[in-house]
Amino acid sequence: MVWTVPKTAADGETLNAAEYNMYVRDNLLETHAAKATSGNRGAWFCGTGPNAGAERMCAENEVLTSQSSSSTSYVNLSTVGPTVTVNTGERALVFLYCFHDNSLSNWSSYMSYAVSGATTVAASDDTALRRQGNTNMQDMTVHLAMGLTPGSNTFQAKYRVAGGTGTWAVRRLIVMPF
Amino acid sequence: MAWTSPMTATENTIWTSAQWNTHVRDNLNETQAAKATAAARYIVTNGNNTLAERVPGDAVVATQQTTTSTSYTNLATTGPAVTVTTGTKALVFARCTFDSSNSNSVYASYAISGATTTSASDNWAVRSNDTTLLSACSVKLHTLNAGSNTFTMQYKALSTATGTFANRRITVLPL
């Protein structure tokens, strides 16, 4: 079914079955209420193109375990993740949150994310939550991921340090797909 | 009014008022435009073919206050607190400017009351053991009991620390 711009009625005309089906039935089937068939609560409706839309749902994953790494390139920790898989359009709002610190006062620890599935994007300092020094911090950052390939996309947290040993705990990743 | 999958019309059948009421009127009353009662609100699903309007909430307490409590507690000025009508989820942000008097950590989190009861937790707190003033924000997608839920910030400090907290803000996007 597709959306068709509703016709303008004129006095004396009869509404035939084909017109009802096109302008009433099919257009109603493109509304948010019609698209809400998953039983989900709290999903919103996003355009997928002119006069078309789909349901989108916020998703979260967390790994509370405290783990460490001294890798200077982005890697998984002993417990991989957190990881979120959602259906997205071309954009998604990505939240990263964790407790982190570094064993050395002059070096930074980073938590970023990679994307796989319909889209492939490597973890980057540009989207990372970063903490320098050996005082700890529990904080978040947010990034609007753009240029995604619509479809099923998996977002997974990755970690690195510039030097020293980083420690991360209460690791959370939330994705709001558009 | 509830949503019904729109009927398929066939030629030369008479369209009754009951069909109009069910397939046009009641269905149109389940659309976003029908559910939108005011500006700056958004519409989310509330089950199969059912929509609900949600209103985001925000509250702030700018006043700088301290605590030495090692368990989550209110400061001299309680809060901030936000009460919103939620479905089974809400995205919650809690932020403040804070520091510790020594190298022990201080925390700002929030408790949930109303339709849902959840104590403040380190798992959605902002936290640091830095003695230099800084700002931080936490984020958590909560699973809740649908209804009126209140989110109230609370604070603690480990061991011998005095935590100082200011510009305390909580923002809730009910889903």
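As the structure is a computational prediction, the values presented were derived from the model and not from experiment.

## Quick word on the interface of chain A and chain B
Counting residues at the interface gives 44 residues for chain A, matched by 48 residues for chain B. Carbon and sulfur atoms supply 58% of the area buried between chain A and chain B, which totals about 3,700 Å² over both sides. Across the contact surface, chain A and chain B share three salt bridges. Notably, a salt bridge pairs lysine 140 of chain B with glutamate 60 of chain A, separated by 2.8 Å at the nearest N-O pair.

## Things to note about the sheet that holds strand β5 (residues 83–88) of chain A
Residues and elements named next belong to chain A. Strand order in this open sheet of four strands is β5-β10-β7-β8, and the pairing throughout is antiparallel. Two strands close off the open sheet at either side, each with one partner strand: β5 and β8 (129–132). The mean angle between the axes of side-by-side strands here comes to 25°, regardless of whether they run parallel or antiparallel. Here strand β7 (residues 108–117) runs beside strand β10 (residues 151–161); their pairing, made up of nine bridges, is antiparallel.

## Brief notes about the packing of aromatic side chains
Here the distance between the centres and the angle between the planes together describe a pair of aromatic rings. Tallied over the entire structure, the rule returns 11 aromatic pairs over all chains. Aromatic side chains tryptophan 44 of chain A and phenylalanine 178 of chain A sit 6.4 Å apart centroid to centroid with 45° between the ring planes, which places their arrangement in the tilted category. A residue pair is termed long-range when its members are at least 10 positions apart, and tryptophan 44 of chain A in strand β1 (residues 44–49) and phenylalanine 178 of chain A in the segment after β11 (166–177) qualify at 134 residues. Since its relative accessible area comes to 32%, phenylalanine 178 of chain A is described here as partly exposed. Among the aromatic residues, those joined into a ring-pair cluster are Tyr20 of chain A together with Trp15 and Trp20 of chain B. Its end group placed over the ring of tyrosine 110 of chain A, arginine 160 of chain A keeps NZ or CZ at 4.3 Å from the ring centre.

## Thoughts on a nonpolar patch on the surface
A contiguous nonpolar surface patch, about 310 Å² in accessible area, is contributed by Leu15 of chain A together with Trp15 and Trp20 of chain B. Summarising the element assignment, tryptophan 15 of chain B is placed in the segment before α1 (17–28). On the accessibility criterion, tryptophan 15 of chain B (34% relative accessible area) is partly exposed.

## A few points about the nonpolar core
Ranked by internal contacts, the top residues of the largest apolar core, which has 27 residues, are Phe98, Tyr110, Phe151, Phe165, Ile170 and Val172 of chain B. Per-element accounting of this core gives the leading share, five residues, to strand β6 (residues 89–100) of chain B. Those residues in contact with isoleucine 170 of chain B that lie beyond four places of it in its chain are Gly57, Asp58, Ala59, Pro80, Ala81, Val82, Val92, Phe93, Ala94, Tyr110, Phe151 and Met153 of chain B. Ala145, Ala157, Tyr159 and Leu173 of chain A belong to the second largest nonpolar core, which has 21 residues in total.

## Some remarks on the environment of threonine 86 of chain B
Residues and elements named next belong to chain B. Among the secondary structure elements, threonine 86 is positioned in strand β5 (residues 81–86). Here threonine 86 falls in the buried class, since its relative accessible area comes to 2%. Separated by 57 residues in sequence, threonine 86 and threonine 143 place their C-alpha atoms 10.0 Å apart. Apart from the residues lying within four places of it in its own chain, the contact partners of threonine 86 are Arg54, Leu144, Asn145, Ala146, Gly147, Asn149, Pro174 and Leu175. Within the structure, threonine 86 has its side chain in polar contact with the side chain of asparagine 149 (distance 3.1 Å).

## Observations concerning α1 of chain B
Those residues of α1 of chain B that fall on the buried side of the exposure criterion are His23, Val24, Asp26 and Asn27 of chain B. Those residues of α1 of chain B that are buried lie in contact with α1 (17–28) of chain A.

## Considering the environment of glutamate 13 of chain A
Residue and element names in this part refer to chain A. Turning to its location among the elements, glutamate 13 is positioned in the segment before α1. On the basis of relative accessible area, glutamate 13 is assigned to the partly exposed category, the value being 46%. Counting along the chain gives 148 residues from glutamate 13 to valine 161, while the straight-line C-alpha distance between them is 73 Å. A polar side-chain atom of glutamate 13 sits 3.2 Å from a polar atom in the side chain of lysine 7.

## Re the packing of α1 of chain A against α1 of chain B
In helix packing, the relevant descriptors are the interaxial angle and the interaxial distance, both defined with respect to the helix axes. Across the interface, α1 of chain A lies against α1 of chain B with an axial gap of 11 Å and an inter-helix angle of 45°. Classified by the angle between their axes, α1 of chain A and α1 of chain B sit oblique to one another. The handedness of the crossing between α1 of chain A and α1 of chain B is left-handed. Facing α1 of chain A, whose interface residues are Tyr20, Val24 and Leu28 of chain A, α1 of chain B presents His23, Val24, Asn27 and Leu28 of chain B. In terms of residue class, the contact of α1 of chain A with α1 of chain B is built from five nonpolar, two polar and no charged.

## With respect to α1 of chain A
Here α1 of chain A contains 12 residues, and its C-alpha end-to-end distance of 15 Å stays within 8% of the 16 Å for a straight helix at 1.5 Å per residue. Of all 12 residues in α1 of chain A, nine are buried, a share of seventy percent or more. All buried positions along α1 of chain A are accounted for by Ala17, Glu19, Tyr20, Asn21, Val24, Arg25, Asp26, Asn27 and Leu28 of chain A. Structurally, α1 of chain A contributes buried residues whose contacts are with α2 (32–35) of chain A together with α1 of chain B. Between the side-chain oxygen of the N-cap and the backbone nitrogen of alanine 18 of chain A there are 3.1 Å, and the N-cap of α1 of chain A in question is asparagine 16 of chain A.

Reading guide: rules and limits
- All chains use their own residue numbering, which begins from 1 and follows the written sequence.
- Written order decides the labels, with chains lettered from A and ligands numbered from 1.
- Side-chain atom pairs in this predicted model are given and counted only at pLDDT of 80 or more, local residue features only at pLDDT of at least 70, and totals for whole chains, interfaces and linings cover all residues.
- As a convention, hydrogens and water are excluded, and side-chain values are obtained from all of the structure's heavy atoms.
- What makes two residues a contact is simply this: any of their non-hydrogen atoms within 4.5 Å.
- Throughout, buried area stands for the accessible area (probe radius 1.4 Å) lost by two parts on being put together, summed over both.
- Any Lys or Arg side-chain nitrogen found within 4 Å of a carboxyl oxygen on Asp or Glu counts as a salt bridge.
- One bridge is not enough; two strands pair if DSSP finds at least two bridges between them.
- A run of H or I in DSSP becomes a helix once it reaches four residues, and a run of E becomes a strand once it reaches two; helices and strands are each numbered from the N terminus.
- Axis definition: a line fit to C-alpha positions, over the contact stretch in the case of helices; interaxial angles, taken between N-to-C directions, run 0 to 180 degrees.
- Aromatic rings from Phe, Tyr and Trp, taking only the six-membered ring of Trp, are treated as a pair when their centres fall within 6.5 Å; an angle between ring planes under 30 degrees marks them as stacked, one over 60 as edge-to-face, and anything in between as tilted.
- For every residue, the accessible area (1.4 Å probe, protein chains only) is compared with the maximum for its type, and the residue is labelled buried under 20%, exposed over 50%, or partly exposed between those bounds.
- Definition used: whenever NZ (Lys) or CZ (Arg) falls within 6 Å of the ring centre and also within 35 degrees of the ring normal, the charge is taken to sit over that ring.
- Without a salt bridge and with relative accessible area above 30%, a residue can belong to a patch; like charges are then joined within 9 Å and nonpolar side chains (Val, Leu, Ile, Met, Phe, Trp, Tyr) within 5 Å.
- To measure how exposed things are, a 1.4 Å probe is used in the Shrake-Rupley method; for residues, cover is taken only from the protein chains shown.
- Joining through side-chain atoms within 4.5 Å is the link that ties buried Ala, Val, Leu, Ile, Met, Phe, Trp, Tyr and Cys residues into a set, and such a set is a nonpolar core.
- Think of a polar contact as two N or O atoms within 3.5 Å of one another; within protein, one of them needs to be a possible hydrogen donor and the other a possible acceptor, and neighboring residues in sequence only count if both atoms come from side chains.
- Angles are sorted into four bins: roughly parallel if under 35 degrees, roughly antiparallel if over 145, roughly perpendicular if 65 to 115, and oblique for all others.
- By convention, the crossing between two helices is left-handed when the near helix turns anticlockwise from the far helix through less than a right angle, and right-handed when the turn is clockwise.
- Just so you know the grouping, Ala, Val, Leu, Ile, Met, Phe, Trp, Tyr, Cys and Pro go in nonpolar, Asp, Glu, Lys and Arg go in charged, and all remaining residues, Gly too, go in polar.
- Given the number of residues in a helix, its expected span is that number minus one, multiplied by 1.5 Å.

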